[in-house]
Every structure is written in structure tokens, then in C-alpha cells.
Amino acid sequence: MKIFYTLYIIKLGRIKVLLKFLKNIKIKFQDYNQKNLLIFDCEGSSALEKLLSDLDYDLISIRTEKIKEIFISKKILKYMIKNFLRRSLKENYLIALIKLASPKLVVTNNDNRPEFHNISKALKESNIKFIAVQCANRGDTVIKDLEDSKKIYIPEFLCFSDFDKYIHQWKKCDIKKYVSIGSLEASLAKDYIKSKNILDKSENFDICLVSQFVSDLDDDWSHIKDFQDKLGHLAEYVYRLGKECGLKIIFIGKSSKEEREAEIIFYKNYIKNYDFKILPLDQSNYSGYVNLAKSKLVIGFNSTILREALLFEKKVLACNLTGHKDIIFPSDGICNINEYTSYEDFKARVLLILKISNDEYNKQLVKGRNYIMNTEVNTQEFIKDRVKKILQL
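Each chain has its residues counted from 1, following the order in which its sequence is written. pLDDT decides what is reported in this predicted model: residues at 70 or higher carry local features, side-chain atom pairs at 80 or more are listed and counted, and totals for whole chains, interfaces and linings draw on all residues regardless. Hydrogens are left out, water is left out, and the side-chain values use all remaining heavy atoms of the structure.

> Go over the packing of aromatic side chains with me, naming the residues and quoting the values.
In this analysis, rings of Phe, Tyr and Trp, with Trp reduced to its six-membered ring, are considered paired at centre separations within 6.5 Å, and the interplanar angle assigns stacked below 30 degrees, edge-to-face beyond 60, and tilted for intermediate values. The final tally for this structure, using the stated rule, is 21 aromatic pairs. Centroid distance Phe-163 to Tyr-371: 6.0 Å. Interplanar angle 75 degrees. Geometry classified as edge-to-face. Of this pair, Phe-163 sits in helix α8 (residues 162-170) while Tyr-371 sits in helix α16 (residues 369-372), placing them 208 residues apart in sequence. Through a chain of ring-to-ring contacts, three or more aromatic side chains come together here, namely Phe-213, Tyr-239, Phe-251, Phe-266, Tyr-267, Tyr-270, Tyr-274 and Phe-276. A ring has a charge above it when a Lys NZ or an Arg CZ is no more than 6 Å from the ring centre and no more than 35 degrees off the ring normal. A cation over a ring is seen here: Lys-171 above Trp-170, with NZ or CZ 5.1 Å from the ring centre. Just above the ring of Tyr-371 sits the side chain of Lys-367; from NZ or CZ to the centre is 4.9 Å. Numbering of helices and strands runs from the N terminus, with a helix taken as a DSSP run of H or I at least four residues long and a strand as a DSSP run of E at least two residues long.

Now the structure itself:
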């Protein structure tokens, strides 16, 4: 019975997945065309695509569900067979494509993808430049064992700030060059908000609460047993304070359209006694950034947007109510609660932050604002100039 299950159920299931994959793609029996600029991984690449829209580039899809076409040629097959025992079929195939494209530059906005690390290392002796632009906090790097974090290889890392350099050096990542440039996504959002005059015609809020709901129990924080519970406690603190002190609160969601209902149900368990509405995340109009830009104070656990809020000259409060060592915010001081705290202590901290000026708030940061998120560099201009220099434009 076990043999039957293995051969006919598991194997058949894999064959069905493969057949579905093959049905949805177009097979081209040809070499991949030459291209000077490649964007690696179409998932989450919209910021780079917008920034580089006036340049001639190809988008390399690396995720099975996103691949729309496959190239098959003698050169590609020869390379894959020759290196069959050295790495996965997918990585061999992607390397073959990149070698045929012979680009001057491969750039990605997904700095944590193992495929990028492995492929850029495999081609480190080539004339191809590889650049990773940071897109999010790297809590996933923090929780890795040193054996795994040492495998992270990036030739040139355009990171948020020197804090990210510290994290990756602490975890012994193999990164050849760091440049602190801030957040590309936040930079684009700021330009969008300015172009639409959104702040001139929008209601303002005292607190912007950032959801960090996770539906996957196997996510980066699954080893922190009370992580989700403390997320709920934080939301309850915020809404209790709002009711007591008459504060206006806006709650920005994190979940995709498919998980939105689960996110709402989760928070209802903790703030069912308060009227609340979680605004859906819409990346096409930068909804999360718009809502934080309309607020005086941004509160969350350790979401990337807490750091990005500094680009909008906002005060932030990172609340790691678990106290777990793996949840790290770049600065201590007035901006950070790094232990489980009572409601009264939370209330006192929030009211103090709301009362004081931005200058006074900045003075009470243990690390400077630019260590949390570099806001002095023109992020878009830096990336564009770097790309053009490599392409010799």
C-alpha cells in the first residue's frame, strides 16, 4: 500500500503539477536574446520597473507560477547537462539564459532570494555586474543560522542604511560592497503623494497602526510562540488609548486580497469592543504610505514601513511586546519598546511622543534617523545613475 501511495499518488500529483505548468507556458526553441540589462525576478519588481521604464531591459521570471515562456536550445541544454550535479535544474537554466543574454548588469529588488545569491556567485568571474536593491527588513537574515547566512552572496548591495550593513556583517554574509541609499519604494511613494496633492485634501490622523498579521504559521516569526498574541495586544492598546483620549486612528492592512478576511477575523479577537476598519493594502496607489503620511505617529511591531516613515518626517514607535531578541529595530530610545509593557506605560510613551516636537523626538533617539533609514540620499537618482554608468549610457 505504501509503494502504491508513493508511486501513484505522490508521483502522479507531481506529474499533474508539471503538466499544468507546461500547459500555461510558451516553449521557444531558440537561444535567449542578448540584452544589456536584466531585472531578476518579476515578483516585487514593480519599483525597479517604474524607475527603469525608459531603459531597454528584460525581466527574468524565476518563480514557477510566474514563468510564461521557456527557451530550449543546444547551448542551454548543454550547459544544464554539464552542470547537472553542481546545482538545481532551475539555477542551471537561469544561468544559461543569463550567459546567453550576456548583459552588462543584472539587478534585483529581491535581495534575499537564494537564486540571486547562488547565480551571482556562480558568475562572479564573468564581466556581468550584479546588484541587489534592498526591499524590506531582513528579519529572515537575522534568524538564520550562521551556516545558512554565510551563503548569502551579493556583489553590490544597495541597502536602507548602515544598520543593514551591521546586520549582514554580524551574520557573516558574503557581501562585497555596501552602499546605504534608503528605500526605493518609499521614495517613489513620496513622489506619488506629492504629485497627487493628497496631503492637501485628506483627513489627518493622530496614529497610524501598521498590521503585521501573518497567516502562515511557518513564517519568519513562527519560532516566537506568542508573536501573534502580542500583535493583538498592541492593537488593543492602540484602540483603548484612542477611545480614552479621543485620538484619531487609521489602521493599515498587510494581507493580500485572498487573506484579507483572515486578517480582519484575527484582529476582531482582540479589538472586538472597538469600532475599527483595516484599510486594504493597494500597492498601485501606495495606500500604506499615503495613510502614514497623513498621521502624526506610526506604530507597529517591526514592519519595514516603520523605518520608511522617517522619509516622510514622521515619528515612529516600534513595539516588540514579545521582547524576543530576533526582533530588532535599528535604534533604542523613545522610538522603541523592546519588552512586554503595561498599557499604562504604553500610554505614557505614546502621549509623550505626540506631545513633543520632531526635533525633541530626534534628540531622544539613541541612533540617528539616518541609521534607521537613510533619508539624505536621493534613492531614485542614485540607482538610475549607477545603472546608466554600468550600461555606459
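Resuming the write-up.
> An account of the sheet that holds strand β12 (residues 249-252) is needed here, citing residue identities and associated values.
Taken together, the 6 strands give an open sheet; going across it, the order is β13-β12-β11-β14-β15-β16, and neighbouring strands pair in parallel fashion. What marks the edges here is a single partner per strand, and that holds for β13 (278-279) and β16 (336-337). For two strands to be treated as a pair, DSSP must find at least two bridges joining them. Bridge analysis of β12 against β13 gives 2 bridges, and the strand direction is parallel. The residue of β13 that forms the bridge with Ile-252 is Leu-279.

> Provide a residue-level description of the nonpolar core, including the pertinent values.
One recurring pattern in soluble globular proteins is that nonpolar side chains are buried together. We define a nonpolar core as any set of buried Ala, Val, Leu, Ile, Met, Phe, Trp, Tyr and Cys residues linked to one another through side-chain atoms lying within 4.5 Å. Here the term buried applies to any residue with accessible area under 20% of the maximum for its type, exposed to any over 50%, and partly exposed to those in between, with areas from a 1.4 Å probe on protein chains only. Within the largest apolar cluster, 85 residues are counted, with the highest numbers of intra-cluster contacts made by Leu-52, Ile-299 and Phe-346. When residues of this core are assigned to their parent elements, the largest contribution, 8 residues, is made by helix α10 (residues 227-245). Only heavy atoms enter the contact rule, under which two residues are in contact if any of them lie within 4.5 Å. With sequence-adjacent residues up to four places away left out, Leu-52 is seen in contact with Leu-37, Ile-39, Tyr-57, Val-107, Lys-384 and Val-387. If you look at the next biggest cluster of nonpolar residues, it comprises 34 residues, including Ile-76, Ala-96, Ile-98 and Ile-119.

> Requested: an account of the packing of helix α9 (residues 184-195) against helix α17 (residues 379-391), with residues and values cited.
To obtain an axis, a line is fitted to C-alpha atoms, over the contacting stretch when the element is a helix, and the angle between two such axes runs from 0 to 180 degrees between their N-to-C directions. As a packed pair, α9 and α17 sit with axes 8 Å apart at the nearest point and diverge in direction by 120 degrees. Between α9 and α17, the angle falls in the class oblique. Between α9, through Leu-184, Ser-187, Leu-188 and Asp-191, and α17, the contact on the second element is made entirely by Thr-379, Gln-380 and Ile-383. Amino acids are sorted into nonpolar (Ala, Val, Leu, Ile, Met, Phe, Trp, Tyr, Cys and Pro), charged (Asp, Glu, Lys and Arg) and polar (every other residue, Gly among them). Within the contact of α9 with α17, the residues separate by chemical class into 3 nonpolar, 3 polar and 1 charged. Note on terminology: angles under 35 degrees are roughly parallel, angles over 145 are roughly antiparallel, angles of 65 to 115 are roughly perpendicular, and the others are oblique.

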